[in-house]
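Per-entry structural report
Chain by chain, the residues:
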Amino acid sequence: MYKRILLKISGEALAGEGGTGIDARMVEHVVSQIVEIHNRGVEVAVVMGGGNFWRGRQGTNMDRVTADHMGMLATIMNGLALQDAIEKKGVQTRLQTALSIPAVAEPFLLRKALRHFEMGRIVLFACGTGNPYFSTDTGAALRAAEINAGALLMAKNVDGVYDSDPKKNPNAKKFESLTYLDVINLRLAHMDTTAITTCMENNIPIITFGLDGENTIVKAAMGEKIGTYIG
């Protein structure tokens with residue numbers, strides 16, 4: 001069992017089978033597991049993606065900086081949804097954002113985040129790094145390093161890292177474990193290079209797994225073998 005983890009949840013995973021928006025059943029599936037590992041004594045931080053509302057430029061010629069800021073705002077909506085669902089289960093949370101939006105969330109401050117862990121709260125981090133041109137995967141790796149997380153758990157809509165897209169190639173090979181350099185050298189598209197190198201430089205193991213399986217978040221946080229281990 002890890003003492004402190006950072007859980008990255010993709011926006012697409014929160015959308016469920018619908019592909020867009022927020023699926024209430026998927027939120028319940030995620031939140032029930034987050035609360036369970038919290039109740040087992042794991043300090044939990046969560047970073048949300050925003051792809052269920054906005055991803056890239058979505059086929060437009062929109063300015064990249066504008067599009068990326070729209071994506072950051074999408075992560076706040078996902079954060080608020082998770083915050084509401086967690087607190088309805090009786091667990092206190094704090095939502096912190098890399099962009100200053102004080103009407104709905106605290107600005108990110110590392111000392112405050114660490115204090116929230118001490119007070120037994122779950123901390124939700126929105127807006128990635130707060131900078132355009134950086135993905136929420138990189139934001140998750142950065143926050144994991146800052147809070148000294150024991151592991152970065154990547155909950156996605158695929159049950160691990162494959163040598164090709166398993167949705168397109170039925171013969172795709174799943175990796176049980178990889179080194180950081182394997183992911184970079186093989187050009188595996190599961191995470192961006194900046195996120196991988198951030199974890200490599202700070203010795204943070206990455207466990208990437210599918211969100212739709214039974215208790216996959218709990219299993220990963222408890223240190224069970226699941227998905228693909230990168231380290």
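Notes on the structure follow. Worth saying up front: this structure is predicted, and the values here are computed from it rather than measured. (Residues numbered from 1 in each chain as written. Predicted model: local features only at pLDDT ≥ 70, side-chain atom pairs only at ≥ 80, totals over all residues. Heavy atoms only, no water.)

A few words on the packing of helix α2 (residues 24-39) against helix α3 (residues 64-87). Where α2 meets α3, the axes come as close as 10 Å, and the angle between the chain directions of the two elements is 60°. In this view, α2 runs oblique relative to α3, as classed from their interaxial angle. The chirality of how α2 crosses α3 is right-handed. Residue-level contacts link V27, V30, V31, I34 and V35 of α2 to A81, L82, A85 and I86 of α3. Looking at the contact of α2 with α3 residue by residue, the class counts come to nine nonpolar, no polar and no charged. (Axes fitted to C-alpha atoms, helices over the stretch in contact; angles between N-to-C directions. Helix = DSSP H or I, 4+ residues; strand = E, 2+ residues; numbered from the N terminus. Parallel < 35°, antiparallel > 145°, perpendicular 65-115°, else oblique. Left-handed = near helix turned anticlockwise from the far one by under 90°. Contact = heavy atoms within 4.5 Å. Nonpolar A, V, L, I, M, F, W, Y, C, P; charged D, E, K, R; others polar.)

Attention now moves to the side chain of N78. Inspection of the secondary structure assignment puts N78 in helix α3. With a relative accessible area of 0%, N78 lands in the buried category. (Buried < 20%, exposed > 50% of the residue type's maximum accessible area, 1.4 Å probe, protein only.)

Ordered by their spatial adjacency, nine strands build an open sheet running β4-β3-β5-β2-β1-β6-β10-β11-β9, and the pairing between neighbours is mixed. Strand pairing shows two members of the sheet lacking a second neighbour, β4 (106-107) and β9 (177-178), which therefore form its edges. The pairing of strand β3 (residues 93-97) with β4 spans two bridges and is parallel. The residue of β4 that forms the bridge with T97 is P107. Relative to strand β1 (residues 4-9), helix α5 (residues 136-146) is tilted by about 170°, and along the sheet it contacts β1, β2 (43-48), β5 (122-126) and β6 (151-156). (Pairing = 2+ DSSP bridges.)

What follows is about the pairing of β6. The element β6 is extensively covered by neighbouring structure, given that six of its six residues are classed as buried. The alternating pattern of β6 places A151, L153 and A155 on one face and L152, M154 and K156 on the opposite face, and all of these are buried. Two strands pair when backbone bridges link them, and β1 and β6 are joined in this way by five bridges, in the parallel orientation. Looking at β6, one finds that L6 is bridged to L152. Pairing between β6 and strand β10 (residues 206-210): five bridges, direction parallel. If you follow L152 over to β10, its bridge partner there is I206.

On the surface, a cluster of nonpolar side chains totalling about 240 Å² of accessible area is made up of I22, F53 and M77. In this fold, M77 is placed in helix α3. (Patch = residues over 30% accessible without salt bridge, like charges linked within 9 Å, V, L, I, M, F, W, Y side chains within 5 Å. Areas by Shrake-Rupley, 256 points an atom, 1.4 Å probe, with all protein chains shown as cover. Salt bridge = Lys/Arg side-chain N within 4 Å of Asp/Glu carboxyl O.)

This paragraph deals with the packing of α5 against helix α7 (residues 193-201). Their axes nearest at 8 Å, the elements α5 and α7 cross at an angle of 10°. As far as their axial angle goes, α7 and α5 are roughly parallel. In the packing of α5 onto α7, the handedness of the crossing is left-handed. Across the interface between the two elements, D137, T138, A141 and L142 of α5 pack against T194, A195, T198 and C199 of α7.

Throughout the structure, instances matching the rule amount to one aromatic pair. Arranged with centres 5.6 Å apart and planes meeting at 80°, the rings of F108 and F125 form a pair that is edge-to-face. Separated by 17 residues along the polypeptide, F108 in the loop between β4 and α4 (110-118) and F125 in strand β5 bring together distant segments of the chain. Assigned by exposure class, F108 and F125 land together as buried. Here R143 stacks its cationic end above the ring of F108, 3.8 Å away from the centre of that ring. We note R143 situated over the ring of F125; from NZ or CZ to the ring centre the distance is 5.9 Å. (Phe/Tyr/Trp six-rings, centres within 6.5 Å; stacked < 30°, edge-to-face > 60°. Lys NZ or Arg CZ within 6 Å of the ring centre and 35° of its normal.)

The next subject is the side chain of S10. Looking at the secondary structure, you find S10 in the loop between β1 and α1 (11-14). When neighbours within four sequence positions are excluded, S10 is seen to be in contact with G49, A155 and K156.

What follows is about α2. Under the 1.5 Å per step criterion, the end-to-end length of α2 is 22 Å for 16 residues, consistent within 8% with the ideal 22 Å. If you check which residues of α2 are buried, you get M26, V27, V30, V31, Q33, I34, V35, I37 and H38. Measuring from the backbone nitrogen of R25 back to the side-chain oxygen at the start of α2 gives 2.8 Å, which picks out D23 as the cap. Note on α2: the residue one or two positions beyond its end, G41, has a positive phi of about 105°. (Expected span 1.5 Å × (residues − 1). Polar contact = N/O pair within 3.5 Å; in protein donor to acceptor, adjacent residues only side chain to side chain.)

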